[in-house]
Amino acid sequence: MTATLLPHVRRARDYIDRHYSSALTLEQLATVAAISKFHLVRCFAATYGETPIRYLTRRRVERAQDLLRAANLTVSEVCTAVGFASLGSFSARFKQLVGETPTAYRDRWARTGAPHVPGCYLFMRGVVDLRVATELDPLV
């Protein structure tokens, strides 16, 4: 990959980091990066070692881990808050990346971690937004 494409790829990665909880598509990311979606996938993988969609999934799971450790939210609420549309796909990806189910992860941290922040406080302060973003009504 050439150095001239690096800012474009970084722009897509930064966009994913800021909007991971929204319903992102490869076409949206390519528009943000101002390159074709095929070129974006190749350059992103060459730069970061994974495709943009895998990076998005990993980012969502990392954020879910934070919420499961620190917040008093159900697994379904965490699933929606980090941008997954399906609890089944969230649980499968979480287990694939972390090695245990979201419930087991939360329960393990509940036994050893600090007290959880009440979910109502997180909703009130806007830390967690359970609205589901669509292409017609993005949350950005």
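Our subject is the structure that appears above.
What counts, and where the lines are drawn
Residues numbered from 1 in each chain as written. Predicted model: local features only at pLDDT ≥ 70, side-chain atom pairs only at ≥ 80, totals over all residues. Heavy atoms only, no water. Salt bridge = Lys/Arg side-chain N within 4 Å of Asp/Glu carboxyl O. Helix = DSSP H or I, 4+ residues; strand = E, 2+ residues; numbered from the N terminus. Core = buried A, V, L, I, M, F, W, Y, C linked by side-chain atoms within 4.5 Å. Buried < 20%, exposed > 50% of the residue type's maximum accessible area, 1.4 Å probe, protein only. Axes fitted to C-alpha atoms, helices over the stretch in contact; angles between N-to-C directions. Parallel < 35°, antiparallel > 145°, perpendicular 65-115°, else oblique. Contact = heavy atoms within 4.5 Å. Nonpolar A, V, L, I, M, F, W, Y, C, P; charged D, E, K, R; others polar. Left-handed = near helix turned anticlockwise from the far one by under 90°. Phe/Tyr/Trp six-rings, centres within 6.5 Å; stacked < 30°, edge-to-face > 60°. Lys NZ or Arg CZ within 6 Å of the ring centre and 35° of its normal. Arc of directions from axis to C-beta.

## Structural notes on the pattern of salt bridges
Under the criterion given, the structure shown has eight salt bridges. A salt bridge links Arg-59 to Asp-17; the shortest N-O distance between them is 3.5 Å. Pair noted here: Arg-59 is in helix H4 (residues 52-70) and Asp-17 is in helix H1 (residues 6-19), with a separation of 42 residues, a long-range link. Two residues, Asp-107 and Arg-106, come together in a salt bridge whose shortest N-O distance is 3.6 Å. Salt bridges sharing common partners tie together Glu-50, Arg-58 and Glu-62.

## Points about the nonpolar core
Counting 31 residues, the largest nonpolar core has Ile-16, Leu-40, Leu-67, Val-78, Val-82, Phe-90 and Phe-94 as the members making the most contacts within it. Secondary structure elements with two or more residues in this core: H1, helix H2 (26-33), helix H3 (37-48), H4, helix H5 (75-81) and helix H6 (87-98). Broken down by element, this core gets its largest block of residues, six residues, from H4.

## Quick word on unusual backbone geometry
For Ala-34, which is not a glycine, the phi torsion comes out positive at approximately 65 degrees. Judged by relative accessible area, Ala-34 falls into the exposed class, the value being 52%.

## Comments concerning the packing of H4 against H6
One can describe the packing of H4 onto H6 by two numbers: an axis separation of 10 Å at closest approach and a directional angle of 90 degrees. On the basis of their axis angle, the class for H4 and H6 is roughly perpendicular. Across the interface between the two elements, Thr-57, Arg-58, Val-61, Ala-64, Gln-65 and Leu-68 of H4 pack against Phe-90, Arg-93, Phe-94, Leu-97 and Val-98 of H6. Classifying every residue of the contact of H4 with H6 gives seven nonpolar, two polar and two charged.

## A few points about the packing of H1 against H2
Contact geometry for H1 and H2: axes closest at 8 Å, N-to-C directions at 130 degrees. Classed by the angle they form, the pair H1 and H2 counts as oblique. Along this stretch, H1 crosses H2, giving a crossing that reads as right-handed. Here His-8, Arg-11, Ala-12, Tyr-15 and Ile-16 of H1 come into contact with H2, specifically with Leu-29, Val-32 and Ala-33. Here the residues of the contact of H1 with H2 sort into six nonpolar, one polar and one charged.

## Description of the packing of aromatic side chains
Evaluated as defined, the whole model comprises six aromatic pairs. Aromatic pair Tyr-105 and Trp-109: ring centres 6.2 Å apart, planes at 50 degrees, arrangement tilted. Of this pair, Tyr-105 and Trp-109 both sit in helix H7 (residues 102-112), separated by four residues, roughly a single helical turn. Classification of Trp-109 by relative accessible area gives partly exposed; the value is 30%. An aromatic cluster of three or more residues is present, and its members are Phe-84, Phe-90, Phe-94, Tyr-105 and Trp-109. It is Arg-60 that lies over the ring of Phe-84; its NZ or CZ is 5.7 Å from the centre. Above the face of the Trp-109 ring, Arg-69 is positioned so that its terminal group lies 5.4 Å from the ring centre.

## Brief notes about H2
Along H2, the residues classified as buried are Leu-29, Ala-30 and Ala-33. Each buried residue of H2 sits inside an arc of 100 degrees when the element is viewed along its axis, so together they form one side. Structurally, H2 contributes buried residues whose contacts are with H1, H3 and H4.

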